[in-house]
Amino acid sequence: MIRFHNTLGGRTEDFVPMEPGRVRLYACGPTVYDFPHIGNWRANVFEDLLKRFLIYRGFQVVHVQNITDVDDKTIKGARARGLSLDDYTRPYIEAFFAERDALNIRPADHYPRATGHIPEMVGIVKALLDKGFAYRKDGSIYFAIDRFPAYGRLSRVNLEDRRPGSRGDADEYEKESVHDFALWKAPKADEPVWETEIGPGRPGWHIECSAMSAKYLGPSFDIHCGGVDNIFPHHENEIAQSEAANGVKFVNYWLHCHHLVVDGQKMAKSKGNFYRLADILARGYDPLDVRVLLLSTHYRKMLNFTFEALDQAVTARRRIGDFLGELGAVPAGAAGDAAVGPLVEAARAGFVAGLEDDLNIAEALAALFTLIKSVNPLLVEGRVSRAGADVLAAFVEEADAVLGFKPSPTHKASGRIDARSEVMGTAEVLKAEDQARIDERQRARAAKDFARSDAIRRELLERGIILEDTKDGVRWKRVAPQKP
RNA sequence: GGCGCGGUACCCAAGUGGCUAAGGGAGAGGUCUGCAAAACCUCUAUCCGUCGGUUCGAGUCCGACCCGCGCCUCCA
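Residues numbered from 1 in each chain as written. Chains lettered and ligands numbered in written order. Predicted model: local features only at pLDDT ≥ 70, side-chain atom pairs only at ≥ 80, totals over all residues. Heavy atoms only, no water.

### Topic: helix 9 (residues 307-328)
As a reminder of what qualifies: In this description a helix means any DSSP run of H or I spanning at least four residues, a strand means any run of E spanning at least two, and both kinds are numbered starting from the N terminus. To estimate the expected span of a helix, count its residues, drop one, and scale the result by 1.5 Å. Accessible area is worked out with a 1.4 Å probe on protein chains only. A residue is then buried under 20% of its type maximum, exposed over 50%, and partly exposed in between. Should any heavy atoms of two residues lie within 4.5 Å, those residues are considered in contact.
Along its 22 residues, helix 9 runs 31 Å from first to last C-alpha, staying within 8% of the 32 Å computed at 1.5 Å per residue. Along helix 9, the residues that are buried comprise Phe307, Leu310, Ala313, Val314, Arg317, Ile320, Gly321, Phe323, Leu324, Gly325, Leu327 and Gly328. Packed against the buried residues of helix 9 are helix 7 (277-281), helix 8 (287-295), strand 14 (303-305), helix 11 (361-380) and helix 12 (386-403).

So this is what it looks like as structure tokens:
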């Protein structure tokens, strides 16, 4: 049984989808006023793990992620550059998708944009007006939270105890109560305006998620994710709007990802500890190493991003690739007496049990590494059969359907090593010139010209190729290019 | 002030009442090797922020305290 910690109720609960075998998932997506940073990616990687695990356990997942392309910040940014909203947000949307792919995050089924769903939002606002949950004031429309008694259940706050933030009321609109929030904002100079049946204006921040989730998932669905900072007010307001308008429970399970900090501090441009994915890749890291780091801390724990931790992720991930390489090197006819079946079964059990327990990734990874640790000695002794190696490689593949960060294995370069990387779906070929250098090095080694041999090895390392000499021949693996 | 999270080895990080406290990284010694790398073997927390308490038994439950952090209408 899969269990998730539900923010609504604050307890870990058995997960039972509304429809057997089918999960409807909504994740709060980017506000495209800037390029995403690694904190955004942490939340997306967590959602990807959740989704992949549900799929791995046999669920069909319908995944929707919104793109907020109209709000205070996008409007302000577009105006500052003299661009249309569309032209302003386009590069950020493109960057979001490109980095998503680099991090091996599986695409959602729908990426609805706020600007493309104004009629749906208007429909909800209209329903809220008709039912008396909303009121008009100076051309804007507000949600009256005192007419929705369940308000505050998600974030568990009493509004009386709540102290207004230091920034005060940023809305600059008049409301009946300070806690009421805008559903629809009156037209202002230099702001985009939509002419609608509830009047001219533009949507408030929260209404898009209520409108778009209902359109693609229905008024009631299984899981809603986001960062902890969205719990209040964003998700609280979504619940109020959706449930008041539709009269049914909005979401059964709320899963929130904790923040990422850098060197123990909140990321801020002014502190110089603000990183985007591109900043990290520019230092020579593989995006999948970043994925390992973002994934390897439990999603409800604060993740402290440091380059030391990233380096540890690089090495840990490489160990998996080396293991795949060792499995690939087991000769075609190898017999071997080791019973790997029970080892794989134990690893699978631990892997699944960990993830079923509110996505306990540490336990799941430990199961995988424990398998590697117990099989490597058997490989050294030549006790793993070719068939056994295939079973082991298939399990790594299976786990990677959830983890999504499998490194490329080591490959045969020359000699008798039987590289089976094709079997693992990670076939890679060396450029002819690199292969020629390896052959040249082999000749130098045979002639005991070790100075020449070592020079060539260093040269290839600078191009991101590690060479390893084994008694069965030379093998290579791909790494980030090393500075000389 | 309100709500919430966390403090487990040199670093990261599981474990939440009971055999010898997972796993990864780093380090030390050894095997293999021309050297290196990988892999293997051995070692690296009598102790889980502090102090009390409950219990036959506690990182694991209770209380107090100390420290770090997040949110409280921009924020994943």
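### What to know about the packing of aromatic side chains
Rules: Note on ring pairs: Phe, Tyr and Trp rings are taken, using the six-membered ring of Trp, and paired if centres are within 6.5 Å. Classes follow the plane angle, with under 30 degrees stacked, over 60 edge-to-face and the rest tilted.
A complete count under the given rule lists 23 aromatic pairs for this structure. Ring centres 6.2 Å apart and planes at 50 degrees place the aromatic pair tyrosine 26 and phenylalanine 221 in the tilted group. With a gap of 195 residues between them, tyrosine 26 in strand 3 (residues 22-27) and phenylalanine 221 in strand 10 (residues 221-227) connect regions that are remote in the sequence. For tyrosine 26, a relative accessible area of 0% gives the class buried. Residues phenylalanine 221 and phenylalanine 250 carry aromatic rings whose centres are separated by 5.3 Å and whose planes lie at 80 degrees to one another, so their mutual orientation is edge-to-face. Separated by 29 residues along the polypeptide, phenylalanine 221 in strand 10 and phenylalanine 250 in the loop between helix 6 (231-246) and strand 11 (251-257) bring together distant segments of the chain. One aromatic cluster in this structure is built from Phe4, Phe15, Phe59 and Tyr253.

### Considering the pattern of salt bridges
Note that side chains of opposite charge can pair when their charged atoms are close. What counts, and what does not: Basic side-chain nitrogens of Lys or Arg form a salt bridge, by our definition, when they fall within 4 Å of a carboxyl oxygen of Asp or Glu.
Taken as a whole and assessed by the stated rule, the structure comprises 37 salt bridges. Between aspartate 289 and arginine 317 there is a salt bridge, with its nearest N and O atoms 2.9 Å apart. Separated by 28 residues along the polypeptide, aspartate 289 in helix 8 and arginine 317 in helix 9 bring together distant segments of the chain. Judged by its relative accessible area of 8%, arginine 317 is buried. It is possible to trace a salt-bridge network through shared partners that takes in Asp434, Arg437, Glu440, Arg452, Glu459 and Arg463.

### Brief notes about the confidence of the model for chain A
For clarity, the threshold we go by: Confidence scores per residue from the predictor, reported as pLDDT, run from 0 to 100.
When pLDDT is averaged along chain A, the result is 88; 92% of the residues meet or exceed 70. Taken element by element, the predicted model of chain A shows its lowest mean pLDDT in strand 15 (residues 411-415) (56) and its highest in strand 4 (residues 60-65) (97). Scored below 50 in pLDDT, residues 415-427 shows 38 contacts in the model against residues more than four places distant or in partner chains.

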